[in-house]
Amino acid sequence: LCRDLLLLIAPATVLGLGLPQMLFGATSDVRDQPFDWLTRVGLSATTAPWEDAHKYETSDPTLLRRSIFLCWAQVLVIVIVVAVAAHRLEQAQLKFLKLRFQWLKTMPRNRATTLMVEHIPRKLRSDESLKNYFLKIFSRDSVRRAYIVRKASTLRSLQQKVKDKEYELAVAEASLRPAEEGTPRHTGSMSCWARLQMCFRFRKTTEQDILRLSQSLDEASESLRREQRRVEQGVRETDLKYASSSAFVTFTSRRWCRMASREQLLADAYKMQMSQPPDVSDVRYQDLERNPALALTNEIIAGTLTTFLFFSWLPLTVFLTSLTSLNAMLQYKGMAWLRPICDAYPAFNTFLESVLATLVLRVFLAFLPTLMLMIIYNFLNLKGGCNAQLMMQNRYFAFMLVFVVLVSALNHTLIHSLVDLADNPNHIFVMFSKLPSSSNFYSSYLILGWFTLVITLLRPSNLVLYLYYKHWGGLAPSAAREMSEPEDQNGDGMGARMAVGTIMMSISLIFSNCSPLIVPAGLGYFCIATETFRWRILYTETRKPDLGGAFWVLGLKHLYLSLTIYIVLMATMFMRAPIHLQLPVWALLVVGIWFGTCYVRFTHLTWEVLPFEEIAQADLEHGRSLTRLRSDVVGEVFEDYCQEECRVEEMQEDDGHSECQDVDKDSIDRDLDRDVVQDNRHLQGSSSSSHEQHAA
């Protein structure tokens, strides 16, 4: 999308604005200092005569008339950029809706028919009572399963201990036979250094060591089973020590799930809140176990830490930039060899200054996603890992918008800028007028991004981990490959990628009139990014849980915000013009109102859920597939929402009360036959009736 959009507006900005400003614009500022070629194609060639318009009316009226012509050329380019961008964004959203609805149709049935229920009253905090509650208020055949999230912190630690013991035993047994397959893969959270120590420790293993480790593993497994039975018993008795206030309710059809999601079950809207669950593999059960009464306190703490990070970042960035500036680096003895080169070649001096300033900012910003995710993971209750990435995308974009795009408009600190605005609200126009002078810096920022994209093709962190596990950890190549995945989800996750891509597009749009050559720089960045991420996502990276387009929609909203800043920035610049040149401001006001209507139309495009007609059709197709291919659906039954530490085959001896234990195939077939009959009966009964009749 960004590549195609920049490809459309590049001719308008470069040929329709940059070339006329080069030919007809001012060649020096009010201080009679000549412009370089990069400044002559920028906005300064138009605005230079505005500083002393009365002087140019008498001494050089031709230059002032040229400025009027260039001013209207700027307005024309703004209209083209906004119109093309609004049209392309809307068309892209319509195309996304088709993909989104197709994704919802093909969603795994266990997720499509499940609702996540939060803030459950105490009397309903057991699997049986919660299921009976939904059966009572909807229908006796509407719910297939209910699962209360267990408070299983002790259970997780015991399970981790069992995994460690299993790995110790596997390493010891592997040392007694030729290591053709390398060291077994460890599935727990043991550090690589600990695994290396274990490999050296069991290099000389005897049969006595094997026997001792086997006994230790049996003891740990027995402790795990005892704790599991204790947890299950506590949940059946609605013991708050083991039963949390969150649960997953799986319905027999998509229609029952949709109708239940639209209802308010209790008079207290805070209780029994229902929402779409995350992917089965992405649920953060440890967050769902937390006490909801502490959620508000944790949110306040997270907001306080984020605010502190926000206000302290600019002074720290300025301080580090001053330490790494070219003049500061030349003071070191080790960099003395660089001074003669800079003196002999001024162009090389300018190049180094721009690269150093850009490089320091990019390196410093690389640590920001890690700090944000630390705050999100430790203080906020999350449904899944993708939700953390989505929250980080929103905050990371806001952070970079202020401290990368708008940083030149601020004073030494953000607090000082806010104080100035409180004293004089009109100071915002002075702040915005500082932005065009920094447009050359953003060109360097985009060009440096070309090289960072190419470097990511090497996947340096994954490569280092692979070599580490293979050569020093003794793992087989396939196991080392699996252990080195995925990539760093802090700085290279979906949230960070979308935020960085959106901010690069925002830079290209906001400064397209200030420096028309920034658009080709942004176009080059997105051409490289398109091929880079296509290769990485399709061929090198592992598949990850998905939210079905939530990152996309949030990214489009950020682009709408960037275009709004673009219109406000240009209107602010034209307000500084002489009185007879301020007519374009009113033209931009009309453009802004029209763009606002485009955003309202964008927000009215519903993308979260399928139309009810599509849901009924999906249930019908699923009923037909059950009769044709029973074995595929049996595989789906085992993918219910359940904590990993609560899945135990041996718990069948506990009267079959565990919701996560295995069941025999005959019982599954009977349940599936019952679901087929129910689905067909409901579809036949609702084919000639309305949605309201079916709900009744």
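Keep in mind it's a predicted model, so treat the numbers as computed, not measured.

(A) Region of the structure containing the overall build of the protein. A count of helical and extended segments in the protein gives 31 helices and four strands. With 696 residues in all, the protein has 47% of them scored as buried. The contacts of the protein with a sequence gap of at least 6 include a subset with a gap of at least 24, amounting to 80%. Accessible surface computed for the protein: about 34,900 Å², of which carbon and sulfur atoms make up 60%.

(B) Structural context of the confidence of the model for the protein. Overall, the prediction assigns the protein a mean pLDDT of 76, with 66% of residues at 70 or greater. Between residues 29–33, whose pLDDT stays under 50, and residues either more than four places distant or in other chains, the model counts eight contacts. Within the model, the stretch residues 627–638 combines pLDDT values under 50 with 18 contacts to residues more than four positions away or in other chains.

(C) Spotlight on the sheet that holds strand S4 (residues 273–275). Read across the sheet, four strands follow the order S2-S3-S1-S4 without closing on themselves; strand pairing throughout is antiparallel. Edge positions in the open sheet fall to strand S2 (143–150) and S4, since each of these has one partner strand only. Strand-to-strand twist across the sheet, computed as the mean angle between neighbouring axes with direction ignored, equals 25°. Both strand S1 (residues 114–118) and strand S3 (residues 243–251) contribute to a ladder of four bridges, which runs antiparallel. What sits directly across from Met116, in S3, is Phe248. Packed on one face of the sheet, helix H7 (residues 127–137) meets S1, S2, S3 and S4 and runs near 140° to S2.

(D) Region of interest: unusual backbone geometry. The residue after Glu485, namely Pro486, is reached through a cis peptide bond having omega -5°. Mapped onto the fold, Pro486 is located in the loop between helix H23 (477–483) and helix H24 (494–510). In this structure, Met272 takes a positive phi of about 55° despite not being glycine. Its location among the elements puts Met272 in the loop between helix H11 (254–261) and S4. In this structure Met272 comes out as buried when scored by relative accessible area, which is 3%. You will see that Arg459, though not glycine, has its phi angle at about 50°, which is positive. Here Arg459 lies in the loop between helix H21 (439–456) and helix H22 (460–472). Relative accessible area serves as the criterion here: at 11%, Arg459 is assigned to the buried category.

(E) Local environment of the packing of helix H18 (residues 385–405) against H24. Where H18 meets H24, the axes come as close as 8 Å, and the angle between the chain directions of the two elements is 30°. For the element pair H18 and H24, the recorded crossing hand is right-handed. Residues Gln389, Met392, Gln393, Tyr396, Phe397, Met400, Leu401, Val404 and Val405 of H18 lie in contact with H24, whose contacting residues are Met494, Gly495, Ala496, Met498, Ala499, Val500, Thr502, Ile503, Ser506, Ile507 and Ile510.

(F) Region of the structure containing the side chain of Glu485. By secondary structure assignment, the location of Glu485 is in the loop between H23 and H24. Reaching out from Glu485, the side chain makes a polar contact with the side chain of Arg459 at a distance of 2.9 Å. Within the structure, Glu485 has its side chain in polar contact with the side chain of Arg481 (distance 2.7 Å).

(G) Main features of the nonpolar core. Counting residues in each nonpolar core, the largest one holds 78 residues, and the members touching the most others are Tyr396 and Ile507. Membership of the second largest hydrophobic core comes to 46 residues, among which are Leu115, Ile120, Val149 and Val231.

About the criteria used
- Residues numbered from 1 in each chain as written.
- Predicted model: local features only at pLDDT ≥ 70, side-chain atom pairs only at ≥ 80, totals over all residues.
- Heavy atoms only, no water.
- Helix = DSSP H or I, 4+ residues; strand = E, 2+ residues; numbered from the N terminus.
- Buried < 20%, exposed > 50% of the residue type's maximum accessible area, 1.4 Å probe, protein only.
- Contact = heavy atoms within 4.5 Å.
- Areas by Shrake-Rupley, 256 points an atom, 1.4 Å probe, with all protein chains shown as cover.
- pLDDT = per-residue confidence, 0-100.
- Pairing = 2+ DSSP bridges.
- Axes fitted to C-alpha atoms, helices over the stretch in contact; angles between N-to-C directions.
- Left-handed = near helix turned anticlockwise from the far one by under 90°.
- Polar contact = N/O pair within 3.5 Å; in protein donor to acceptor, adjacent residues only side chain to side chain.
- Core = buried A, V, L, I, M, F, W, Y, C linked by side-chain atoms within 4.5 Å.

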